[in-house]
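Spelled out from the first residue to the last, the chains are:
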Number of protein chains: 2
Amino acid sequence: MAIPGDARPPRDCAPPPTPGAAFLLTQIGSHAAARFAERIAELDLTPPQTGLLRAVAVAPGQSQQALARLLGTPPSRLVALLDGLDERGLVERRRNPDDRRLHALHLTDAGHDLLRRIAEVGQAHDDAICAALSDEERTTLTALLARIAADHGLTPGVHPGYRHL
Amino acid sequence: MAIPGDARPPRDCAPPPTPGAAFLLTQIGSHAAARFAERIAELDLTPPQTGLLRAVAVAPGQSQQALARLLGTPPSRLVALLDGLDERGLVERRRNPDDRRLHALHLTDAGHDLLRRIAEVGQAHDDAICAALSDEERTTLTALLARIAADHGLTPGVHPGYRHL
DNA sequence: TATTGTTATACTCTATAACTATA
DNA sequence: TATAGTTATAGAGTATAACAATA
């Protein structure tokens, strides 16, 4: 509450009456990321782990260095992340016999199964976020967002959510 | 690059061919937040500081506890944040004579000036994010986003960006 | 010597909880 | 005793840089 005896504000400090698209995008984007994190937490996964699983599935056989470059993260970070997924039997590090420094990363069968469940969770999440819109509006929104993403050079498969949050 | 001699993936692990709206929202939202952070860094501000300045401007005279509740942040966090803004002469902590435990928060003239520059930066940022869209499309997008935000109970003035990032 | 993966260290950010001053 | 603000401590998460193995 406001402190008694305190004057009311002059009106020139009012914020924009209607927030712009960029403001809404950060606000909703952050909200959506948090809700998605809650959902995948029930699969015992964090957003970074989920992004990593996806990346390994999209491009199997990559080395850790290559994957780090793709995701824009320091290689040392992948180690701890992969350790957790490796122990749970979700990913495999296969030594390359031709160059024994390299580890080829692959999803195990359990990893593929889990990825399917992640896809289901993602679908439910998408529905929840767009609940206020009709099917047609949702299609319109998706198309506009895709144009913005492309305009800013955002990599289609990789979202920054795996590093923040 | 993929490691030589490594088999190509079976096709059942492919990710969704077209990302859904929720995925795009988190991706673009994170991108927009990062770009905005870069812009206000030139004003020597972080996103949390900017959000706090805005909040003080919207509801001047609030106590720190009240503001903490509004923003959903622990009161102890506001202290350090306010210290920085206070030292720079952007906000004032006015002791309430009726209850000397309370600090009424206000923007100084310099704080108001800076807030106007923040608004300019925000406008340029909004334009940059929406550069790929026509005016009409931008209006459509903003309306759809506003509906989603309202549907999820997001507070109009307060975005979560001041706490993350 | 250069590169891959790993480990060790340090740093940033944040929350929790103890402390003080006022009531 | 209860509350506002502050300070202190500790924890999570991350990046930087040193290290061992392999080329």
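Structure first, text after, so check above.
For clarity, every value in this text was computed on a predicted model and none was experimentally measured.

Let us now look at the overall build of chain A. Secondary structure summary: chain A contains six helices and two strands in total. Its helices and strands in sequence order give chain A the pattern α-α-α-α-β-β-α-α, from N to C terminus. The long-range fraction of contacts in chain A, counting pairs at least 24 apart against all pairs at least 6 apart in sequence, stands at 56%. When the accessible surface of chain A is summed, it comes to about 8,300 Å², and 54% of that surface belongs to carbon and sulfur atoms.

A word on the packing of helix α1 (residues 21-41) of chain A against helix α1 (residues 21-41) of chain B. Direction vectors running N to C along α1(A) and α1(B) enclose 125 degrees, while the axes themselves pass 7 Å from each other. As far as their axial angle goes, α1(B) and α1(A) are oblique. As for how α1(A) packs across α1(B), the hand of that crossing is left-handed. For the pair formed by α1(A) and α1(B), the contact residues are L25(A), T26(A), I28(A), G29(A), A32(A) and A33(A) on the first element and L25(B), T26(B), I28(B), G29(B), A32(B) and A33(B) on the second. When grouped by side-chain class, the residues that make up the contact of α1(A) with α1(B) number eight nonpolar, four polar and no charged.

So, on to helix α6 (residues 135-151) of chain B. Under the 1.5 Å per step criterion, the end-to-end length of α6(B) is 24 Å for 17 residues, consistent within 8% with the ideal 24 Å. Every buried residue of α6(B) is listed here: R138(B), L141(B), T142(B), L144(B), L145(B), I148(B) and A149(B). Its buried side turned inward, α6(B) meets α1, α5 (109-129) and α6 (135-151) of chain A together with α1 and α5 (109-129) of chain B.

All names here are of chain B. One can describe the packing of α1 onto α5 by two numbers: an axis separation of 10 Å at closest approach and a directional angle of 145 degrees. Once α1 is placed against α5, the crossing between them reads as right-handed. Contacts from H31, A32, R35, F36, R39 and I40 of α1 reach α5 at V121, G122, A124, H125, A128 and I129. Considering only residue class, the contact of α1 with α5 consists of seven nonpolar, three polar and two charged.

Okay, the nonpolar core next. I28(A), L141(A), L145(A), I28(B), L141(B) and L145(B) are the most contacted members of the largest nonpolar core, which has 30 residues in total. Looking at this core, the elements that each hand over two or more residues are α1 and α6 of chain A together with α1 and α6 of chain B. Core analysis: the second largest hydrophobic core is formed by 25 residues, L43(B), A57(B), V91(B) and L105(B) among them.

Turning next to the environment of V158(B). Structurally, V158(B) can be placed in the segment after α6. Sequence-wise, V158(B) and A55(B) are 103 residues apart; in three dimensions their C-alpha atoms are separated by 7.5 Å. V158(B) has contacts with F23(A), Q27(A) and L71(B), leaving out every residue within four places of it along the chain.

Residue and element names in this part refer to chain B. Counted residue by residue, strand β2 (residues 103-107) has four buried out of five residues, so it is predominantly covered. Note that strand β1 (residues 91-95) and β2 share five bridges and pair antiparallel. Bridge assignment links R93 to a residue of β2, and that residue is L105.

Along the chain, the position of T142(B) falls in helix α6. Accessibility expressed as a relative area gives 17% for T142(B), which makes it buried. Once residues lying within four places of it in the same chain are set aside, the contact partners of T142(B) are P19(A), A21(A) and L24(A).

This model, assessed by the stated rule, comprises 18 salt bridges over all chains. Between D99(B) and R101(B) there is a salt bridge, with its nearest N and O atoms 3.0 Å apart. Three or more residues are tied together by salt bridges with common partners; here these are D83(A), D86(A) and R93(A).

Okay, helix α2 (residues 47-58) of chain A next. Residue and element names in this part refer to chain A. A rise of 1.5 Å per residue sets the reference length of α2, with its twelve residues, at 16 Å; its end C-alpha atoms lie 16 Å apart and thus fit the reference within 8%. In terms of burial, α2 is a largely internal element, eleven of the twelve residues being buried. Within α2, the full set of buried residues consists of P47, P48, Q49, T50, G51, L52, L53, R54, A55, V56 and A57.

Residue and element names in this part refer to chain A. With phi around 60 degrees, D44 is a residue other than glycine that occupies positive phi space. When you line up the elements, D44 lands in the loop between α1 and α2. The exposure class of D44 is exposed, given its relative accessible area of 58%.

Right, let's talk about the side chain of T50(B) for a bit. Residue and element names in this part refer to chain B. Looking at the secondary structure, you find T50 in helix α2 (residues 47-58). Of the residues examined, T50 reaches a relative accessible area of 3% and is grouped as buried. Among all residues touching T50, those that are not within four sequence positions of it are F36, I40, L45 and I118.

For the rest of this paragraph, the subject is the environment of L70(B). Structurally, L70(B) is set in helix α3 (residues 64-71). L70(B) gets classed as partly exposed once you look at its relative accessible area, which sits at 42%.

What follows is about the environment of L78(A). All names here are of chain A. Tracing the sequence through the fold places L78 in helix α4 (residues 75-87). Residue classification places L78 among the buried residues on the basis of a relative accessible area of 1%. For the pair L78 and P48, spaced 30 residues apart in sequence, the C-alpha separation works out to 9.7 Å. Beyond its immediate chain neighbours, meaning those up to four positions away, L78 contacts L52, Q64, L67, A68, L71 and T73.

Procedures and definitions
- Numbering of residues starts from 1 in each chain and follows the order in which that chain's sequence is written.
- Throughout, the order in which chains and ligands are written sets their labels, letters from A for the former and numbers from 1 for the latter.
- Residues qualify for local features only when their pLDDT is at least 70, as the model is predicted, and side-chain atom pairs are given and counted only at 80 or more; totals for whole chains, interfaces and linings, by contrast, use all residues.
- As a rule here, side-chain values come from all non-hydrogen atoms in the structure, and water together with hydrogens is ignored.
- In this description a helix means any DSSP run of H or I spanning at least four residues, a strand means any run of E spanning at least two, and both kinds are numbered starting from the N terminus.
- Whether two residues touch is decided by their heavy atoms; if any such pair falls within 4.5 Å, the residues are in contact.
- The accessible surface values rely on the Shrake-Rupley method and a 1.4 Å probe; as for residues, cover is taken only from the protein chains in view.
- To get an axis, fit a line to the C-alpha atoms, keeping to the stretch in contact for a helix; angles then go from 0 to 180 degrees between the N-to-C directions.
- What sets the label is the angle itself: under 35 degrees gives roughly parallel, over 145 gives roughly antiparallel, 65 to 115 gives roughly perpendicular, and the rest give oblique.
- Should the near helix be turned anticlockwise from the far one by less than a right angle, the crossing is termed left-handed; should it be turned clockwise, right-handed.
- In this classification, the charged set is Asp, Glu, Lys and Arg, the nonpolar set is Ala, Val, Leu, Ile, Met, Phe, Trp, Tyr, Cys and Pro, and all remaining amino acids, among them Gly, are polar.
- Expected span of a helix: the number of residues minus one, times 1.5 Å.
- Throughout, exposure labels follow a simple rule: accessible area from a 1.4 Å probe, protein chains only, divided by the maximum for the residue type, with under 20% read as buried, over 50% as exposed, and the rest as partly exposed.
- Put simply, buried Ala, Val, Leu, Ile, Met, Phe, Trp, Tyr and Cys residues joined by side-chain atoms within 4.5 Å make one nonpolar core.
- Strands qualify as paired when DSSP identifies two bridges or more between them.
- A carboxyl oxygen of Asp or Glu within 4 Å of a side-chain nitrogen of Lys or Arg is what we treat as a salt bridge.

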